[in-house]
Structures are given as structure tokens and as C-alpha cells.
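# Structural features, examined
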2 protein chains.
Amino acid sequence: MSLPTNSDSKLNLVSQTKSFGGWHKQFSHASSSVKGEMRFAVYFPPQYETKKDLPVLYWLSGLTCTDENFMQKAGAHRMAAQLGIVIVAPDTSPRGDDVANDEGYDLGQGAGFYVNATQAPWSAHYHMYDYVVTELPELIEKEFEVSSKRAISGHSMGGHGALMIALKNPDRYSSVSAFSPISNPMDCPWGHKAFSAYLGEDQSVWAQYDSSVLMSNAVDLVPALVDQGLDDNFLQEQLKPEALEAAAAKNNYPLTLNRHEGYDHSYYFISSFIDEHFKFHAGHLMY
Amino acid sequence: MSLPTNSDSKLNLVSQTKSFGGWHKQFSHASSSVKGEMRFAVYFPPQYETKKDLPVLYWLSGLTCTDENFMQKAGAHRMAAQLGIVIVAPDTSPRGDDVANDEGYDLGQGAGFYVNATQAPWSAHYHMYDYVVTELPELIEKEFEVSSKRAISGHSMGGHGALMIALKNPDRYSSVSAFSPISNPMDCPWGHKAFSAYLGEDQSVWAQYDSSVLMSNAVDLVPALVDQGLDDNFLQEQLKPEALEAAAAKNNYPLTLNRHEGYDHSYYFISSFIDEHFKFHAGHLMY
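So, how was this worked out
Residues numbered from 1 in each chain as written. Chains lettered and ligands numbered in written order. Predicted model: local features only at pLDDT ≥ 70, side-chain atom pairs only at ≥ 80, totals over all residues. Heavy atoms only, no water. UniProt positions renumbered as here; feature names shortened; annotations may be inferred. Contact = heavy atoms within 4.5 Å. Buried area = accessible area lost by both parts, 1.4 Å probe. Salt bridge = Lys/Arg side-chain N within 4 Å of Asp/Glu carboxyl O. Polar contact = N/O pair within 3.5 Å; in protein donor to acceptor, adjacent residues only side chain to side chain. Helix = DSSP H or I, 4+ residues; strand = E, 2+ residues; numbered from the N terminus. Buried < 20%, exposed > 50% of the residue type's maximum accessible area, 1.4 Å probe, protein only. Pairing = 2+ DSSP bridges. Bend = angle between axes of the 7 residues up to and from the residue.

With an unreviewed UniProt entry as reference, chain A is termed S-formylglutathione hydrolase, source organism Psychrosphaera ytuae. Of the comments in the UniProt record for chain A, the one headed Function (unreviewed entry) reads "Serine hydrolase involved in the detoxification of formaldehyde." Taken from UniProt, the Catalytic activity (unreviewed entry) comment for chain A reads in full: "S-formylglutathione + H2O = formate + glutathione + H(+)".

Below, the structure is given as C-alpha cells:
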């Protein structure tokens, strides 16, 4: 497969590996949103060779992850190749020596929380919301011959990101799903720490990035699927799917939330149910 | 699922995670073969709850790996759960501060090559052949209610291990498979370095661990499946499937060797074809 980029490509190819008849590729590029280099991974299913209008699933990873975790551990290429869905997985934050960081794993590099930071020092680079919502899809749809039909999914911090972004941009996504999302970040320690650092102390700003608040007020409804393991160590303190469920009930939101006995927060849980997420998205992307 | 061990278990449970309706568990134990602690992982498919005679696939990993790489990256649990096959993945060498090591990634810890070392300092602990062939299956079949029907598979150094062990012990395995195996270790840099360190300079000893030599002389024939990527960086210098193929041709050995355009040495290659390996083994383990 030749490099599927335009001659004036803004992308640097970092690696490429054949997988399930298609290609896994990593790219880096200069990002205007985060004002620095960003890396992302793409899985091109085998159909990409001949079809120029495949839909794209964006995957947002959780705390400490890069573009690699999902691609290596979710077992997602198999179903993407079967259904003809392109996968795009960005990094979870800006990176580099000149990018602010924190000693904790849950703030700074690897923990961008998919918001636009307004507070120093984070506001210099941490604009992951703009990156994921606007810059990255524009880049993908310019550099590669794919359709503008998009779905979005993610895990934990990335589940928060996927739900929040779809709820704020219902015109941009056909469907949204999440594994073990941080469902109500305003009301959990991870969210408190990140939102107060990135967004300051005004909780009305936090609410603009909180999926449970957004879902209770949503007007245009993107179909949503959430899976949650019941042996997840973070379930009660950090994830709070009950808040999302209550918001959906209040607003008659098309949310399917499945709870699974015995499953934890790991990629073993994701891989066990990733096929169902792809089939859910395919149903909305393709018909 | 309760811990599936006897009350006089010799195993320490390190972790357990639900996956595809079954359980991934890591155990450590005092090994008499390597005279130290060993760790291994087991995938119990959901059928293990009710069936007490499931067959077992042993997986041997490659250089630098532990028991974790295959379990996390191969996407194998799905098909193991579908077919009802237990997977056991040992570490690739003894470990610890008192275990000899080397600065290279291809000798010492993480690089046991599945032989019984005869040369100091390696001979004190590096008896991976005895561990994999005898101690580990005895332990598994005593601690868990599984059948003694066994298959063996592996990748790269572990592909060498799987083929070599099955060829030397045709009574112990129903079938053998390998991804990108070091097919003729006597005749490649990795094998030269490891065999001279572990076994000394007598090449007649090396030959006892060389799959191409063993396959050309085998009398009892274990059905063998090998998959090899043609964009594998190690193909020409280290892996040499043509030696295995020549040995099979000479001896009318039941070897199926598939070459795959574009695939490299990574777990993306393994995950792309792991389902076929499970189906191959199931055909021999179950009928």
C-alpha cells in the first residue's frame, strides 16, 4: 500500500505495519491547536485500497495512554477490517519538554481530558478539545480519501471525551460509545483535579465539559452505547455511570448502558466487547 | 470464578481479570527446574466452569517478552473462548537478581531459548526446556482440572521453542504451530550467540535443539503449521523458514508453511492469523 497522503501532506509517517489485510500507521504532525507536535495512529482496513468513502471511528484513550494502547490491545482491527471502518486514535495530550506537566499520572502529559485549558500554565498547549473536534478530522479528511461520516468512542478519560464531544457536537457524529467512562467529571476526584487545573474554579465552565450535565440538556441526540464492568476499581469513586443513566432517563436520551459482572477497568474488558461497539457504530455510520 | 486450585496449591495468584467470559490469571511459583520463582499466565475460557477436560495450548513468547505480551496483544482469548481451549503462557526465562544475565536483549533474562543450559553461569538456572516440557504441564494438570491433550505454539524464539519441543516430544503434543520461528538456530546469529553461551561449542549438542535438524530426522510426526511475514526484518538473517521447508520436504513431514506479503515481525501479524492457528490446533486436540 502506498502512503495514502496528498503530495502536499503535512504528515510524517512514523511507522506502518500490516494488520488483518489493512495497515496500521502512525503519523506525527505540527498541530495548530496544541501548538506543538502531535502523534496519532490510523488503522486502514483492506477496503481502503478500493473504496474512497469509508467512515471513520475516532478512539480516545484513557489516562497515561498514547495512540498505541488501543491499537495494540483492543483487538479492534479484526472487526474494523470486516466492516470497512477506518480507526483514528490520537494521543491523549500534547507532549514534549516545553509542554507543562505534573508529577501525577492524572494531570498534564497523558491526561489532557479533551478540554481547552484556560488556566496557566496549561492554556499554552492543552487544547485537546479543539484538536479532536476540529483539527484532527479536518486533517484526516484532507489527507486521506475517507468520508466525513464519523463515530467516536473511548475508554475512561477517553470515554468522558467521546461522550462529551458527541453531546456538544451532535452534527459531527453518527454515534458515540464508551467503555468505563468518567461519566460525571464535575463530581469525582479525577475530574475535580483536572478541571480545576485546566479550567479554574468556576464550575459553570466545568459543566460545559460534563457528559451527565450535557446529556440531561441535550436537544439533538446522538445514539450512545456505554459498557461498564462491575469489578472496576474506579467504578464508585470516579466513573459514576448512574449519573449518566439518570441524565438519560430525565431527558429521554437514547443511551444503552450495559453493566458486566466480573469485568474490570482493563483492556481485557474492552477487547471482550469491542466487536459490539463496532457493530453499533456500523449500524449508524452505514445505513 | 473461584480460584481453580487444589487446597494444597503450590501457586500464588498474581492477578486475575475477566476476559471474553473467562478468566486471565497470572501465577507465580517456586520452580524446581530453574531453581527460582517462575511466573506464567493462564487463560481459562468460560467452558472451564463446567467442563473438566479442556485441552491446553502452551504459548512460548519471543525475545524480551514475559507471560504478558501474548495475552495482551494477540487477541487470542476470543477464539479460545469460542473453542474452549485453555492457554498457558510461561515467562521466557528465569528472572531475578541472582539469575545470570547479559547486556544484550538476546541472551540471559528474557532470552532463555527453551534449552537446558550446560555452561556456567547459565547452567545454574536456565533449564527452560525441562520447565516447559515437564514441570509446567505437570503443574497445570495437577492444579487445574484440564485434560492432558496439549498443543504448543510460539513466536520467533518461542516459535523455535514450540517446534523444537514438539519435534523432540511427539507423544506429548497433538499439534504444533509457530509464527516467524527461528527455524534453524544453528545457522543464524541469534542462535549462535545463545547456543554457544548456554550449550558450549559442541555443535552436535546444538543440533539437538535445532528444529530444521530435528524435522529432517523426525519419525513420529506432529502436524505443524508455520506462518511467516515477508516484510519481517529478521527473515533472511535470523528466521530462515526455507531450512525448515527443506527439512520437511526431505522427510515428508506434515508441515504447512504460509508466507504472507507485507506482514512484519510484530504482534499485529500474530493477531491477524491467530484464529487460524487456534482452529488448526482445535482440529487435532478435539477430534
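So that's the structure; there's more coming.
A separate point is the interface of chain B and chain A. With 23 residues of chain B in contact, the opposing surface of chain A contributes 23 residues. Between chain B and chain A, roughly 1,900 Å² of surface is buried when both sides are summed, and carbon and sulfur atoms account for 52% of that area. Considering only the side of chain B, the residues that lose the most area to chain A are K18, Q72 and Y268 of chain B, jointly responsible for 35% of the buried surface there. Scanning the region where chain B abuts chain A turns up zero salt bridges. At the boundary of chain B and chain A, one finds seven residue pairs in polar contact (both at pLDDT 80 or more). Looking at the side of chain B that touches chain A element by element, the count peaks at five residues for helix α10 (residues 267-285) of chain B.

For the rest of this paragraph, the subject is the pairing of strand β4 (residues 54-60) of chain A. All names here are of chain A. With seven of its seven residues buried, β4 lies for the most part within the structure. Across six bridges, the pairing between β4 and strand β6 (residues 146-155) is parallel. From the neighbouring strand, L54 faces β6, where its bridge partner is V146. Direction of pairing for β4 relative to strand β5 (residues 86-90): parallel, over a ladder of three bridges. Note on β5: the bridge partner recorded for V56 is V86.

Further remarks concern helix α3 (residues 128-143) of chain A. Remark: the principal bend of α3 of chain A, roughly 35 degrees, maps to E135 of chain A, with a proline, P137 of chain A, within the next four residues. The complete set of buried residues in α3 of chain A reads M128, Y129, Y131, V132, V133, E135, L136, P137, L139, I140 and E143 of chain A.

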